[in-house]
Amino acid sequence: MRLRPILLRTILLLMLAVAGAHFKGAAAFAQEPQASAAAQAPLADTPLDQATKEIDKAKVQLTALQEGVKQNAEDDDALVGLATKADELSRAVITISVNLRPRFDQIKNRLSEIGDPPKDGQPPEAGIVTQERNALAGERAQINAVTGDAENLSITVTKLVNEITEMRRRLFADTLLRRTEISVSVLDDAVSAFVHEASEFMQALSSWATFVWKFKRFPLFAAIFLSLASALILLSGSYRLFGSYLRRDEAVENPSYIGRLSIAFWSTLIRTLALSVLLVTSFFCLNSFNVLRPDIAPVIGALFGAIGLVYFVGRFVNAIFAPNEPRWRLVHLSNLGARSIGYCLLAMAVVNALDYLFGTVGETMGSPLVLTVVRSLIAALIIGLILISVSFGKPMLAKNGDPDAPGRHWPRGMAIILRVVGGGLILTALSGYVGLARFVATQLIVTGAVVVTMYIGLLSGKAISRQESFGDTFFARFLTRRFKLGPVAIDQAGLLVGLAIYAVALLVGIPLILLLWGFHVQDLQILAYRLFTEVRLGGISISLLGICTGILLFAGVYLLTRWLQRWLDGNVMARSHVDLGVRNSVKTGIGYLGVGIAAIIGVSAAGIDLSSFALVASALSVGIGFGLQNIVSNFVSGLILLVERPFKVGDHVVSGTAEGIVKRISVRATEIETFRKQSIIVPNSELINGLVGNWTHRNRIGRSEIPVSVSYNADPQQVMDILLELTAKIPLVMRNPEPHVEFLRFGPYSLDFELRFFLADMGDGMTVRNNLRMEILRRFKAEGIEIPLPQSDLTIHRDAAPVLANAVKEQTDGQDDPKNKPIEDEERPVRQLRGRTADGSLKS
């Protein structure tokens, strides 16, 4: 019976052992594929490995760019694209080095912590330390190698970019200075080519129009509708915002200079932009809806560009010369002169636009070079003849100022310039330098119009920024009605509006001029990117975008700090009935803390390394030791005043010669307002190091005194009772401590008392004392108590009587003399001599 339990326990143990072995094998079987999978899984790339791969990829891209430059050495558009890619590659290579910098700094700091290996004779270090040092040193060497490759690659890319720029400059110069022989045979070939090209173009245009009308009618109408809608939205919005600056008011007899400038600038800019939006969206919609064929799309684009050019020059002429409205004219020209010059400028714009349009048609149809040369020759000759003809006109305003009167000749210098430029264009074109003549002719009209429009914009901004000039404008009157602004705020708004007009004129005009002088859009993008992200001044790199971001972040954190100050003061502390001084200290502390945090965030966001301020801090420490010690002393004293609070805002303090109410405590000085409303700024160091009396340090309880003098005939007890009785009737006087009267002294002519009482608020002392004095005077008169005047005893000896009589006689004789009588008898002051008799009575 005893063997059965032993046998059962043995069987149970065997079963548990078998089950454990089974589970162990299953676990091992399950872990084996996981371990193998882990062994087969690749490790994640380290930053160094990623940088190495990116460097290899950048080298491949650089090789491709170099090959592309060799193959497209004569194609300016292709070179522009390659330059953009090279610039992107340069930034990517620089980013590789920047990304490795944090790891390099970590390795450097760790090696500094480990220290150098032990020298001979020193005890050996732990093996793990040696292994870590060797591993870090190896990784640092690899980072240096990768960084060196990145720097070399960046230098190579920079050289490639400079090479592309030089090639483009050479291409531009070769195109302008290319000479073509001009002869009769060339003109005959050009005429034949023109006839053939016109026939082919008309056939292509007819077939495209037929195809569009049959199969693309709905997309055509949709594109036209969308483009018209976008242009109308822009134009209507512009009229809504700038309506008064887009049209001239016929009722105005003598428009102001600023009004003429504003209408000239905004009418030209807004209306030209509206038409540009119409043309651009039309081309985009037509091209997006597959309405344009590849051979027709460039021609339509050139047509839209020619229309925009002619319209812009037309608006420019109307804005500047105002041919039919002399009172709105910006230049001193006669009516005939304004019309003739305007027509000449418009004719030159039409010639330029047609030349550009026909040139695009020729490129599309594959016309020969001779046709392009002759077309540019004709355009240059026409523009030159127009300039010469204009120089012989009489456009200047007559001396009497009548715009309808015959005008005067150009100033001699201006006429000579026009003739020289016109003749130079003709001679240059006939000499075979057609490209140069054509380029100069185009820039004369287009660049000149853009520059003059910019100049008008700058003049408008200057006129609006002038003091008290913005208030007369429509926009200023709108701001006044809408936001209830005063004259000072309107004047400041005028300054901001002037700066905004400056920005609009420059940001619109400068890119247009650069595009006209051979720059591409990609060039402007690269220039803008470098301007806003990397401006190098020697070895310093400045990011305008980072600086703007830092300024915005600083302003945001500063405004948040101000809001937090107001919220804490107006909600938390005001509802908690916190003392006014504590509220001021908390507000000031939060303000300075917020400004400090905002400055740190702004500087960091601007990309400025805070460690670079170490040198500045060291120099400041020397300056503090010499010239800034007073400032630092006041700063530290201000912090002590805010924390320790020996006095607070609203306290009645006495410091040296200053006595008044504390109005403001800052970290540099404290403002004390005297009872005469004079603000005294006291440096904090003087308040810390000097004696300061605070009447309201612990509380506002204070004692007031009223001195009272009565004659010797009064009853002292009655006087004291009256004073206490009157004081007891005033509710502001404290009962504990209770008021009391001190019998101070026996004066020379009066009995002197002093009424002393305590007030819960020292600020009520003047009012209480004033009212109490009036009640005392009224009660004393009712009780017959006299308040004596000052008296003095005069003793006259009998021996001095003759002398006094002679003095009186001389005085009387002098008064009888009319010459010695400065004042009338009724105005002569009366001198009364008083003395006392033996019994004490007064005698005179």
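This paragraph deals with the overall build of the chain. What the chain contains, in helices and strands, is 23 helices and twelve strands. At a minimum sequence separation of 6, the contacts of the chain that also span at least 24 residues come to 68%. As displayed, the chain offers around 52800 Å² of accessible surface, 63% of which is attributable to carbon and sulfur atoms.

With that out of the way, let us pick up the environment of V636. The residue V636 is located in helix α19 (residues 629–644) in this model. Classification of V636 as partly exposed rests on a relative accessible area of 42%.

Let us now look at helix α12 (residues 434–465). The end-to-end C-alpha distance of α12, which contains 32 residues, comes to 46 Å, matching closely the 46 Å that a straight helix rising 1.5 Å per residue would cover. Of all the bends in α12, the greatest measures close to 30° and is centred on Q443.

Here the focus is the pattern of salt bridges. According to the stated counting rule, one finds 16 salt bridges in the structure shown. A salt bridge links R745 to D752; its shortest N-O distance comes to 3.4 Å. R745 sits in the partly exposed class, given a relative accessible area of 46%. In this structure, R779 and E783 form a salt bridge, with 3.3 Å as the shortest nitrogen-oxygen distance. Of this pair, R779 and E783 both sit in helix α22 (residues 765–783), separated by four residues, roughly a single helical turn. A network of salt bridges, in which partner residues are shared, links E725, K729, R779 and E783.

Bridging between strand β3 (residues 652–655) and strand β4 (residues 658–665) involves four bridges; their strand directions are antiparallel. Looking at the pairing, V654 lines up with E659 of β4. As consecutive antiparallel partners, β3 and β4 are separated by two residues, and within that stretch G656 has a phi angle of approximately 65°, a positive value. Bridging between β3 and strand β7 (residues 692–694) involves three bridges; their strand directions are antiparallel. Across the sheet, the residue bridging to V653 is N694, located in β7.

Attention now moves to the pairing of strand β8 (residues 702–710). Side-chain alternation along β8 places G702, S704, I706, V708 and V710 on a buried face and R703, E705, P707 and S709 on a face that remains uncovered. Bridge count between β8 and strand β10 (residues 751–759): nine bridges; the pairing is antiparallel. Considered in β10, the bridge of G702 is made with L759.

What the rule picks out here adds up to six aromatic pairs. Measuring from centroid to centroid gives 6.2 Å for W563 and W567, while their planes differ by 15°, and the two rings are stacked. Of this pair, W563 and W567 both sit in helix α16 (residues 544–575), four residues apart, roughly one helical turn. Here the aromatic rings of F743 and F753 are separated by 4.5 Å at their centres, their planes lie at 25°, and the arrangement is stacked. Separated by ten residues along the polypeptide, F743 in strand β9 (residues 740–746) and F753 in strand β10 bring together distant segments of the chain. Among the aromatic residues, ring-to-ring pairing joins F743, F746 and F753 into one connected group. The positively charged end of R217 is found above the aromatic ring belonging to W213, 4.3 Å away from the centroid.

For the rest of this paragraph, the subject is the packing of helix α9 (residues 335–365) against α12. Direction vectors running N to C along α9 and α12 enclose 130°, while the axes themselves pass 10 Å from each other. Relative to α12, the element α9 is oriented oblique. In the crossing of α9 with α12, the sense of the turn from one axis to the other is left-handed. Judged by residue contacts, L345, M348, A349, N352 and D355 of α9 engage R438, A441, T442 and I445 from α12.

Before going further, it helps to examine a nonpolar patch on the surface. Together, V508, L512, L515, W517, F519 and V521 line one region of the surface with nonpolar side chains, adding up to about 500 Å² of accessible area. The element that contributes the greatest number of residues to the nonpolar patch is helix α14 (residues 487–516), accounting for three residues. Position of V521 relative to the elements: it lies in helix α15 (residues 521–533). Judged by relative accessible area, V521 falls into the partly exposed class, the value being 49%.

Turning to the side chain of S685, a few remarks are in order. Assignment of secondary structure puts S685 in helix α20 (residues 684–689). Judged by its relative accessible area of 16%, S685 is buried. Leave out the neighbours within four places in its chain, and S685 touches S633, N634 and S637.

It is worth spelling out the confidence of the model for the chain at this point. Do not read the fine detail of predicted coordinates wherever pLDDT is low. When pLDDT is averaged along the chain, the result is 77; 82% of the residues meet or exceed 70. Below a pLDDT of 50 lies the segment residues 818–844, which in the model reaches 25 contacts outside its immediate sequence neighbourhood of four places, other chains included.

Before going further, it helps to spend a moment on the nonpolar core. Grouped together as the largest cluster of nonpolar side chains are 58 residues, with contacts concentrated most on F321 and L345. Of all the elements in the fold, those that place two or more residues in this core are α7 (257–288), α8 (297–321), α9, α10 (369–391), α11 (412–430), α12, α13 (474–483) and α14. When residues in this core are grouped by element, the largest group, eleven residues, is from α12. Look past the residues within four positions of F321 in its chain and what remains in contact with it is R329, V331, L333, A338, I341 and L345. Ranked by size, the runner-up nonpolar core spans 30 residues in total, among them I96, L111, V157 and L171.

Turning our attention to the sheet that holds β10. Overall, antiparallel pairing links the three strands, which are arranged β8-β10-β9 in an open sheet. The two strands at the open ends of the sheet, each matched to only one other strand, are β8 and β9. Adjacent strand axes in the sheet meet at a mean angle of 25°, parallel and antiparallel pairs treated alike. Pairing of β9 with β10 involves six bridges; the strand directions are antiparallel. Bridge pairing links R745 to D752 in β10.

Now for the sheet that holds strand β6 (residues 679–683). Taken together, the five strands give an open sheet; going across it, the order is β6-β5-β4-β3-β7, and neighbouring strands pair in antiparallel fashion. Bordering the open sheet on either side are β6 and β7, each of which pairs with just one other strand. Neighbour to neighbour, the strand axes of the sheet diverge by 40° on average, direction disregarded.

Parameters and conventions
Residues numbered from 1 in each chain as written. Predicted model: local features only at pLDDT ≥ 70, side-chain atom pairs only at ≥ 80, totals over all residues. Heavy atoms only, no water. Helix = DSSP H or I, 4+ residues; strand = E, 2+ residues; numbered from the N terminus. Contact = heavy atoms within 4.5 Å. Areas by Shrake-Rupley, 256 points an atom, 1.4 Å probe, with all protein chains shown as cover. Buried < 20%, exposed > 50% of the residue type's maximum accessible area, 1.4 Å probe, protein only. Expected span 1.5 Å × (residues − 1). Bend = angle between axes of the 7 residues up to and from the residue. Salt bridge = Lys/Arg side-chain N within 4 Å of Asp/Glu carboxyl O. Pairing = 2+ DSSP bridges. Phe/Tyr/Trp six-rings, centres within 6.5 Å; stacked < 30°, edge-to-face > 60°. Lys NZ or Arg CZ within 6 Å of the ring centre and 35° of its normal. Axes fitted to C-alpha atoms, helices over the stretch in contact; angles between N-to-C directions. Parallel < 35°, antiparallel > 145°, perpendicular 65-115°, else oblique. Left-handed = near helix turned anticlockwise from the far one by under 90°. Patch = residues over 30% accessible without salt bridge, like charges linked within 9 Å, V, L, I, M, F, W, Y side chains within 5 Å. pLDDT = per-residue confidence, 0-100. Core = buried A, V, L, I, M, F, W, Y, C linked by side-chain atoms within 4.5 Å.

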